[in-house]
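Residues per chain are reported as follows:
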Amino acid sequence: MAAVNGSGESQPAKHQEVGHKSLLQSDALYQYILETSVYPREPESMKELREVTAKHPWNLMTTSADEGQFLNLLLKLINAKNTMEIGVYTGYSLLSTALALPEDGKILALDINRENYEIGLPIIQKAGVAHKIDFREGPALPLLDQMIEDEKFHGSFDFIFVDADKDNYINYHKRLIDLVKIGGVIGYDNTLWNGSLVAPPDAPLRKYVRYYRDFVLELNKALAADERVEICQLPVGDGITICRRLL
Ligand code: SAM
Ligand code: CA
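Residues numbered from 1 in each chain as written. Chains lettered and ligands numbered in written order. Predicted model: local features only at pLDDT ≥ 70, side-chain atom pairs only at ≥ 80, totals over all residues. Heavy atoms only, no water.

(A) Structural context of the nonpolar core. Leu94, Leu95, Tyr117, Ile124, Ile133 and Phe159 are the most contacted members of the largest nonpolar core, which totals 32 residues. Broken down by element, the residue count for this core peaks at five residues, all from helix H4 (residues 92–100). What Leu95 contacts, discounting residues up to four positions off in sequence, is Ser45, Met46, Leu49, Ile123, Ile124, Ala127 and Val129. (Core = buried A, V, L, I, M, F, W, Y, C linked by side-chain atoms within 4.5 Å. Buried < 20%, exposed > 50% of the residue type's maximum accessible area, 1.4 Å probe, protein only. Helix = DSSP H or I, 4+ residues; strand = E, 2+ residues; numbered from the N terminus. Contact = heavy atoms within 4.5 Å.)

And the structure:
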């Protein structure tokens with residue numbers, strides 16, 4: 001099996017144990033995408049952050065390089081300026097967002113863990129984009145509730161990326177649908193949940209995969225039935241569902 005971390009090592013990258021980063025049938029094809037279209041175009045700062053994160057024990061959580069590239073391009077395509085990210089970890093998707101935004105762009109970045117954010121922060125600062133980030137430590141839901149109470153936040157976000165506790169995605173959606181502007185975009189990450197959504201009941205799933213599986217199934221059904229958004233579920237990374245607010 002080819003390494004997919006771009007380091008040229010021959011052993012499989014850790015995430016392959018759970019098939020986390022690619023649902024493509026062929027690892028070789030995924031490696032081809034990374035080596036042909038992603039790594040050669042990856043900004044130096046994102047590469048550095050990816051390599052620093054690879055040494056962290058929870059590196060399974062990081063956004064893959066191909067998804068980072070996708071987010072960066074998407075943000076430019078929609079001319080995003082005011083954005084939010086729920087679930088920062090060491091900041092790979094945050095940096096890909098920050099690099100895509102104009103100089104006066106903003107990211108409200110929420111995570112319960114500041115320590116991991118601080119691993120990536122020096123690299124973000126060196127890249128000259130830290131001024132776009134307003135990091136808040138703490139659970140996202142109470143902060144969203146506060147924002148919902150203040151009319152000025154309604155319809156104020158061009159883009160929101162959700163990559164945190166999967167058992168709260170439905171709760172986030174209930175609030176984010178009011179905070180994103182009409183025509184704005186919410187991206188829900190990991191909506192294919194390691195491919196476990198279609199696994200037989202007796203499949204040997206990791207405990208956390210099994211635990212969150214039902215929440216992801218419920219979210220996917222809810223988004224598909226939600227007439228306030230147009231959706232597209234993409235098999236990029238571990239699956240990302242793009243929602244565009246209609247009403
Ligand atoms: N987007 C990140 C990246 O590109 O590396 C990965 C995020 S990681 C999959 C999930 C993050 O969600 C963790 O850093 C975790 O601390 C955070 N998290 C978990 N529960 C949360 C909550 N209730 N509110 C805010 N953040 C939360
Ligand atoms: Ca993710």
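(B) Up close: the site of ligand 1. Close contacts around ligand 1 come from 19 residues, with Thr63, Gly87, Ser93, Asp111 and Asp163 the closest. Side-chain polar atom of Asp111 to an oxygen atom of ligand 1: 2.6 Å apart, as the coordinates give it. One nitrogen or oxygen atom from the side chain of Tyr172 is found 3.4 Å from a nitrogen atom belonging to ligand 1. For ligand 1, whose free accessible area comes to 610 Å², the fraction covered by protein is 89%. (Near = heavy atom within 4 Å. Polar contact = N/O pair within 3.5 Å; in protein donor to acceptor, adjacent residues only side chain to side chain. Areas by Shrake-Rupley, 256 points an atom, 1.4 Å probe, with all protein chains shown as cover.)

(C) Structural detail: the coordination of the calcium ion (ligand 2). At this site the calcium ion (ligand 2) is bound by Asp163 (OD), Asp163 (OD), Asp189 (OD) and Asn190 (OD1), with donor distances of 2.2 to 2.8 Å. Sequence spacing of the donors to the calcium ion (ligand 2): D-x25-D-N. In this pair, Asp163 is assigned in the loop between strand S4 (157–162) and helix H7 (169–179) and Asp189 in strand S5 (residues 180–189), connecting sequence segments 26 residues apart. Assessed through its relative accessible area of 13%, Asp163 is described here as buried. Overall, the relative accessible area of 3% leaves Asp189 in the buried class. (Donors = N, O, S within 2.8 Å, 3.2 Å for Na, K, Ca; no water.)

(D) Layout of the packing of helix H3 (residues 65–77) against H4. Relative to each other, H3 and H4 sit at 30 degrees, their axes nearing to 8 Å. Regarding the angle of H3 to H4, the classification is roughly parallel. The crossing of H3 and H4 is right-handed. Across the interface between the two elements, Ala65, Gly68, Leu71, Asn72, Leu75 and Lys76 from H3 touch Tyr92, Ser93, Ser96, Thr97, Leu99 and Ala100 from H4. (Axes fitted to C-alpha atoms, helices over the stretch in contact; angles between N-to-C directions. Parallel < 35°, antiparallel > 145°, perpendicular 65-115°, else oblique. Left-handed = near helix turned anticlockwise from the far one by under 90°.)

(E) Highlighting the packing of helix H2 (residues 44–54) against helix H5 (residues 114–126). Contact pair H2 / H5: the axes reach a minimum separation of 10 Å and the direction vectors enclose 170 degrees. Here H2 lies roughly antiparallel to H5, going by the angle between them. Contacts between H2 and H5 involve Ser45, Glu48, Leu49 and Val52 from the former and Ile119, Gly120, Ile123 and Lys126 from the latter. Class assignment for the residues of the contact of H2 with H5 results in four nonpolar, two polar and two charged. (Nonpolar A, V, L, I, M, F, W, Y, C, P; charged D, E, K, R; others polar.)

(F) Structural detail: the packing of aromatic side chains. All chains considered together, the criterion is met by six aromatic pairs. Centre to centre, the rings of Trp193 and Tyr208 are 5.9 Å apart; their planes meet at 85 degrees, and the pair counts as edge-to-face. A residue pair is termed long-range when its members are at least 10 positions apart, and Trp193 in the loop between S5 and helix H8 (207–225) and Tyr208 in helix H8 qualify at 15 residues. Grouping aromatic residues by their ring pairs yields a cluster made of Trp193, Tyr208, Tyr211, Tyr212 and Phe215. (Phe/Tyr/Trp six-rings, centres within 6.5 Å; stacked < 30°, edge-to-face > 60°.)

(G) Region of interest: the pattern of salt bridges. Inspection of every chain in the model, using the stated rule, returns 13 salt bridges. A salt bridge links Lys47 to Glu51; its shortest N-O distance comes to 3.5 Å. Note that Lys47 and Glu51 are positioned in helix H2 at a spacing of four residues, about one turn of the helix. Exposure remark for Lys47: the relative accessible area of 31% places this residue in the partly exposed category. (Salt bridge = Lys/Arg side-chain N within 4 Å of Asp/Glu carboxyl O.)

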